[in-house]
Amino acid sequence: MFKALKSKNFKLFFYGQSVSVIGTWMQKTAVSWMVYSITGSVFLLGLATFLSMIPSLFLAPLAGSIIGRYDRHRAMIVLQSLAMLQAGTLALLIYLKIYNINFILALSLIQGIINAFDMTCRQTMMIDIVNDKEDLPNAVALNSTLNNFARIAGPALAGIILHTYGEDICFIGNFISYVPVLISLFMMKITPHIKAENKLKMLDDLIEGLDYVKKETEMARMLLMLMCSSMFVISFNTLMPVFAKDIFSGNAETFSWFESAAGIGSVLAAVYIANLKSSGNMNKLMISASLLMGFSIIILAISSNLTVALICMTLSGIGMMGQTSSINIYIQTQSAVNMRSRSISYYMMAYQGMIPVGSLIIGYVSHSLGVRATVAIQGIICIISVIVYVYYKKHKSSEDLETCPVEYRNSKF
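Here the structure is a predicted model, which is why all the values come from computation and not from measurement. (Residues numbered from 1 in each chain as written. Predicted model: local features only at pLDDT ≥ 70, side-chain atom pairs only at ≥ 80, totals over all residues. Heavy atoms only, no water.)

1. A short note on the overall build of the protein
The line we're drawing: What counts as a helix is a DSSP run of H or I of at least four residues, what counts as a strand is a run of E of at least two, and both are numbered from the N terminus. Burial here depends on accessible area, computed with a 1.4 Å probe over protein chains only, as a share of the maximum for the residue type. Under 20% is buried, over 50% is exposed, and the range in between is partly exposed. The contact criterion used is simple: two residues touch if any of their non-hydrogen atoms lie within 4.5 Å. To be clear on the numbers: accessible area is Shrake-Rupley with a 1.4 Å probe, and residue cover counts the displayed protein chains and nothing else. The charged-residue count follows a simple rule in which Lys and Arg add positive charge and Asp and Glu add negative charge, with His and chain termini not counted at all. One atom stands in for each charge, and that atom is NZ of Lys, CZ of Arg, CG of Asp or CD of Glu.
Scanning the protein for helices and strands turns up 17 helices and zero strands. Taken over the C-alpha atoms alone, the protein extends approximately 70 × 50 × 40 Å along its principal axes. Residue burial in the protein is summarised as follows: out of 413 residues, 57% are buried. When contacts within the protein are restricted to residue pairs at least 6 apart in sequence, those whose partners lie at least 24 apart make up 87%. Carbon and sulfur atoms provide 65% of the accessible area of the protein, an area that totals close to 18100 Å². Distance between charge centres in the protein, computed from 30 positive and 22 negative side chains, equals 3 Å.

2. Quick notes on the layout of surface pockets
Worth spelling out the cut-off: Grid spacing is 1 Å over the protein atoms alone, the probe is 1.4 Å, and a cavity is where that probe fits but cannot get out, while a pocket is an open set with protein on both sides within 12 Å along at least five of seven lines and lining residues have an atom within 4 Å of a point. Grid points are joined across faces, edges and corners, and a volume is the space filled by probe spheres set on the points. The classification used treats Ala, Val, Leu, Ile, Met, Phe, Trp, Tyr, Cys and Pro as nonpolar, Asp, Glu, Lys and Arg as charged, and all other residues, Gly among them, as polar.
Of the voids in this model, the second largest pocket is the one considered here, and its volume is about 200 Å³. Forming the boundary of the second largest pocket are Leu57, Leu210, Val213, Lys214, Ala220, Leu223, Leu224, Met227, Tyr346, Met349, Ala350 and Met354. When contributions to the lining of the second largest pocket are tallied by element, the ones reaching two or more residues are helix 8 (202-215), helix 9 (217-232) and helix 14 (340-351). No other element matches helix 9, which puts four residues into the lining of the second largest pocket. When the residues that make up the lining of the second largest pocket are grouped by side-chain class, the tally is eleven nonpolar, no polar and one charged.

3. Topic: empty space enclosed by the protein
Counted according to the given criterion, the structure contains two cavities of 30 Å³ or more. Computed from the structure, the second largest cavity encloses a volume of approximately 30 Å³. Lining of the second largest cavity is provided by Ala83, Gln86, Gln111, Ile114, Asn115 and Tyr178. Here the lining of the second largest cavity takes three residues from helix 5 (residues 101-129), the largest share from any one element. Residues that form the lining of the second largest cavity fall into these classes: three nonpolar, three polar and no charged.

4. Concerning the pattern of salt bridges
Heads up, the rule is: We count a salt bridge whenever a side-chain nitrogen from Lys or Arg sits within 4 Å of a carboxyl oxygen from Asp or Glu.
Inspection of every chain in the model, using the stated rule, returns two salt bridges. Arg122 is paired through a salt bridge with Asp118; the nearest N and O atoms lie 2.5 Å apart. Of the two residues, Arg122 and Asp118 both sit in helix 5, four residues apart, roughly one turn of that helix. By relative accessible area, Arg122 is classed as buried at 9%. A relative accessible area of 3% means that Asp118 is categorised as buried. For Glu218, the salt bridge identified is with Arg221, shortest N-O distance 2.7 Å. With Glu218 and Arg221 both in helix 9 and three residues apart, the pair spans about one turn of that helix.

5. Considering the nonpolar core
Our working rule: As used in this record, nonpolar core signifies buried Ala, Val, Leu, Ile, Met, Phe, Trp, Tyr and Cys residues forming a set joined through side-chain atoms within 4.5 Å.
In terms of nonpolar packing, the biggest core is built from 127 residues, with Phe10, Ile129, Phe258 and Leu300 touching the most fellow members. Ignoring sequence-local partners within four residues, the contact set of Phe258 consists of Met240, Phe243, Ala244, Phe248, Leu300, Leu306, Ala309, Leu310 and Met313.

6. Structural notes on the packing of aromatic side chains
Applied cut-off: Only centres within 6.5 Å qualify two rings of Phe, Tyr or Trp (six-membered ring in Trp) as a pair; their planes then separate them into stacked at under 30 degrees, edge-to-face at over 60, and tilted for everything else.
Under the definition given, this model contains six aromatic pairs. Measuring from centroid to centroid gives 6.0 Å for Phe10 and Phe14, while their planes differ by 40°, and the two rings are tilted. In this pair, Phe10 and Phe14 both sit in helix 1 (residues 8-39), four residues apart, roughly one turn of the helix. The residues Phe10 and Phe14 share a single accessibility class, namely buried. Ring geometry for Tyr347 against Tyr351: centres 5.9 Å apart, planes inclined by 45°, an arrangement best described as tilted. Taken together, the positions of Tyr347 and Tyr351, both in helix 14 and four residues apart, correspond to about one turn of that helix. Residue class for Tyr351 comes out buried when judged on its relative accessible area of 18%. Feature note: the residues Phe10, Phe13, Phe14 and Tyr15 constitute an aromatic cluster, connected by ring pairs.

This is how it looks when you write it as structure tokens:
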């Protein structure tokens, strides 16, 4: 499971990030709870998530073009430094008791802009910090395991801190958590990435990247599946403060249980993926995980028992992790070398970029239909999207079989 840690650079990256991502989830949990507690508005809760993620929709392809041409190691140092500055500013505001929702939303937008470049850079950099390229799928899975372990520890720790000490400690903790990751980045020894000879041509790069993804039909189908899931399904997490506070009459600690339950499921899925011996059959894994996510969300929506709801959150975490990681690994391993950064940028656009759009949609829909009905519809959409994906995949396979010469059919299919 830990074979990618044989690479010293990846080991430094892994240990540095292990502290930083816990701080990130502490801040994410604290922001969600604070915004809803201050305003009592589901719309503003969705807006905070929207602003922190929407830049990925517009900037991810640009990030892929830029990062593919310049030194990814230096870019990570700059981006992590900017993220630390943003976290420090937010921590200072909360420490001074400046609970201005406009400032909080503005800093969420700044965080989103930084993350649009940081996430693409981080994913693309994997191939630079793993010595044996066969360990790349394992590195991706371990990175996902780390992020989802933090999804357990961060909200759980945030729940305790919010309840005992107050939200300012969460934000200060996130600011300090950037120190280890910056130290680990400076300790890495990476061969400088050779700059492209041609100047950046954004439009040409975007068109070339889009044409490549369209020609890779399996990749295109997976990205469309992820886009649908991110816009209409995964955003159900935005409503978890409402489930915790209103439906189950809980507090900040109850909310942290929901986040941690999803994190436990995500870690279980990530550990399973990290132990896979090959990166084959990622589409089958994606289908199974998507179905699990859809059914668990439907049961969550109709549940009146907190224990059942938390079990459903765990199952949804398994499904969501399985879906996103299988697509990520497929793109990382199947993309052409010169197109990897742009392929990953489209992955980030379909994943991170569409979630905020979905957050706004469900924030609006839940006002009209209610929170439970909205989440139930999201689960149904997830299942329908799987059915459509499988139908078109089989339809395409049938067309390929019909157009293939008879003498090659048995050998090729």
